Amino acid sequence: MSPDALRRQLEYYRDLGIKDLYRKDAIPIVNIELPGLAPTGDSLPRILKDIGDCTRCRLHTGRNKLVFGVGNPQAKLVFVGEGPGADEDAQGIPFVGRAGQLLTQMIENTAAKEGIPLKRADVYICNVVKCRPPENRTPEPDEMETCGQFLFRQLSVIQPKAICALGSTAAKALLGGKDGVTRLRGKWHKWHDIPLIVTFHPSYLLRPYNQNAKREAWEDLKKALHFVYD
Ligand code: SF4
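The structure reproduced in this document is the subject of the present report. Sequence order as written defines the numbering, with residues in each chain counted from 1. Selection of residues for local features in this predicted model requires a pLDDT of at least 70, selection of side-chain atom pairs for listing and counting requires 80 or more, and totals for whole chains, interfaces and linings are taken over all residues. Hydrogens and waters are ignored; side-chain quantities use all the structure's heavy atoms.

What follows deals with the site of the ligand. In this text, near means that some heavy atom of the residue lies within 4 Å of the molecule or strand in question. With respect to spatial proximity, the complete set of residues near the ligand consists of I51, C54, R56, C57, L59, H60, R63, L66, K130, C131, T146 and C147. For each structure, a 1 Å grid was placed over the protein atoms alone; sets of points admitting a 1.4 Å probe that cannot get out are labelled cavities, open sets with protein on both sides within 12 Å along at least five of seven lines are labelled pockets, and lining residues have an atom within 4 Å of a point. Criterion for pocket placement: a molecule counts as inside a cavity or pocket if more than half of its atoms are within 2 Å of its grid points. The site holding the ligand turns out to be the largest cavity. Throughout, the ten residues Ala, Val, Leu, Ile, Met, Phe, Trp, Tyr, Cys and Pro are labelled nonpolar, Asp, Glu, Lys and Arg are labelled charged, and all others, Gly among them, are labelled polar. Here the shell around the ligand is built from residues that sort into 7 nonpolar, 2 polar and 3 charged.

Given below as C-alpha cells:
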C-alpha cells in the first residue's frame, strides 16, 4: 500500500474515532501514527529532484517542460491551479499565458486597491499536475492522485498562512469531495489545518459572459489578501 493510501485509510479510522489498531501478528495494542505528508527535512529543491524526469503518469508523454512552481518559497499565500497550458508547457513556468496575466493583474491590482504592498513574486504559484494534459483537458483522477503527492509536499514545505485553490480541479484535489467552485467559494475551508479559499480559475474569468464570476473572484481574493496580510 502506498504511503498516501495508508494515510487515507488511517485518516478514515481516525474519523471513526478509532485510534488504536491491533496488528495480526502482535499481542500488544499498537498505536499507529499517521505517516507524514512529506519526508523529514523536505525542501522544494528536493521535491523537484525527486520528480526528476518523471514518467509516473501518462501526462509525461506530451510534455515539453515540467512546470513545478514559481514564486517565494516562504510565501504566506499559495495559489494552486489545475495544470499547465501551452504557454506554461513551453516555458516551464505556471500561469504565464493569458490566464496567468489575468491572475497577476488580479493579485497586484487587488492588493494595490486594498493598500497591501504585494507583487506576484511575493506569493507562490503552482498546479495540481506538473505536465500539460493533452488539448488542455481536465486531469484524470489517477493523474491528480499521482502528481498530487508533489503538490502536497510543496504545500507542506512552504506552510503558507493560506491557500487559494483556483477552480474546481484544484479544490477537488485539496479538499476531496465533488463540489464545484460555485458551492465552495466565498467561505474558508482547510487543507491539513491551513485555511483554504476556493475561487474561479482565471481562464474561466476570461470568458466574456462571466462578469458576475469576475466580481465574485475579486471578492474572494480580497478576503484572502486581508486574512493573510492584515
Ligand atoms: S503530471 Fe506529475 S506525475 Fe504525471 S508525469 Fe508529470 S510530473 Fe509525473
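Having seen the structure, we can now continue with the description.
Attention shifts here to the packing of aromatic side chains. Only rings of Phe, Tyr and Trp enter the pairing, Trp through its six-membered ring, and a pair is recorded when the two centres are within 6.5 Å. The plane angle decides the type: under 30 degrees is stacked, over 60 is edge-to-face, the rest tilted. Considering all chains together, one arrives at 3 aromatic pairs under this definition. A centroid spacing of 5.4 Å and a plane angle of 55 degrees characterise the contact between F152 and W191, whose relative ring orientation is tilted. Separated by 39 residues along the polypeptide, F152 in helix α5 (residues 141-158) and W191 in strand β7 (residues 188-191) bring together distant segments of the chain. Judged by relative accessible area, W191 falls into the buried class, the value being 2%. Going along the chain from the N terminus, every DSSP run of H or I of four or more residues is numbered as a helix, and every run of E of two or more is numbered as a strand. Under the scheme applied here, a residue whose accessible area is under 20% of the maximum for its type counts as buried, over 50% as exposed, and between as partly exposed, the area being computed with a 1.4 Å probe on protein chains only.

We now examine unusual backbone geometry. Excluding glycine, a negative phi dihedral is what most residues carry, and trans is how most peptide bonds are arranged. Its identity as a non-glycine residue notwithstanding, F95 has a phi of 55 degrees, on the positive side. Overall, F95 belongs to the buried group, its relative accessible area being 5%. For Q159, which is not glycine, the phi torsion reads 50 degrees and is therefore positive. Tracing the backbone through its elements, the reader meets Q159 in the loop between α5 and β6 (162-166).

Examined against the element boundaries, I163 turns out to sit in strand β6. Separated by 85 residues in sequence, I163 and V78 place their C-alpha atoms 4.9 Å apart.

Here strand β8 (residues 194-199) lies mainly inside the structure; 6 of its 6 residues are buried. Here β8 shows no split at all, with I194, L196 and V198 on one side and P195, I197 and T199 on the other all buried. Between any two strands, pairing holds if DSSP finds at least two bridges. In this sheet, β8 lies alongside β6 in parallel orientation, the contact comprising 4 bridges. Residue C164 lies in a different strand from β8, and its bridge partner there is I197. Taken together, the 4 bridges between β7 and β8 define a ladder with antiparallel strand orientation. In the sheet register, H189 faces β8, and the bridge partner there is L196.

Buried together is how nonpolar side chains tend to be arranged in soluble globular proteins. Counting residues in hydrophobic clusters, the biggest one holds 58 residues, and the most contacted among them are F79, V80 and L174. With residues near it in sequence (within four places) discarded, V80 still touches C126, N127, V128, L151, L155, I163, C164, A165, L166, A170 and L174. For this analysis, a nonpolar core means a set of buried residues of the types Ala, Val, Leu, Ile, Met, Phe, Trp, Tyr and Cys, connected via side-chain atoms within 4.5 Å. Pairs of residues are marked as contacts when any of their non-hydrogen atoms sit within 4.5 Å.

What follows concerns the layout of surface pockets. Taken as a whole, the largest pocket encloses approximately 650 Å³ of empty space. Lining the largest pocket we find 28 residues, and of these G83, A99, H201, S203 and Y204 sit closest to its centre. Per-element tally for the lining of the largest pocket: the top contributor is helix α3 (residues 86-91), with 3 residues. Residue classes in the lining of the largest pocket are distributed as 10 nonpolar, 12 polar and 6 charged. Grid points are joined across faces, edges and corners, and a volume is the space filled by probe spheres set on the points.

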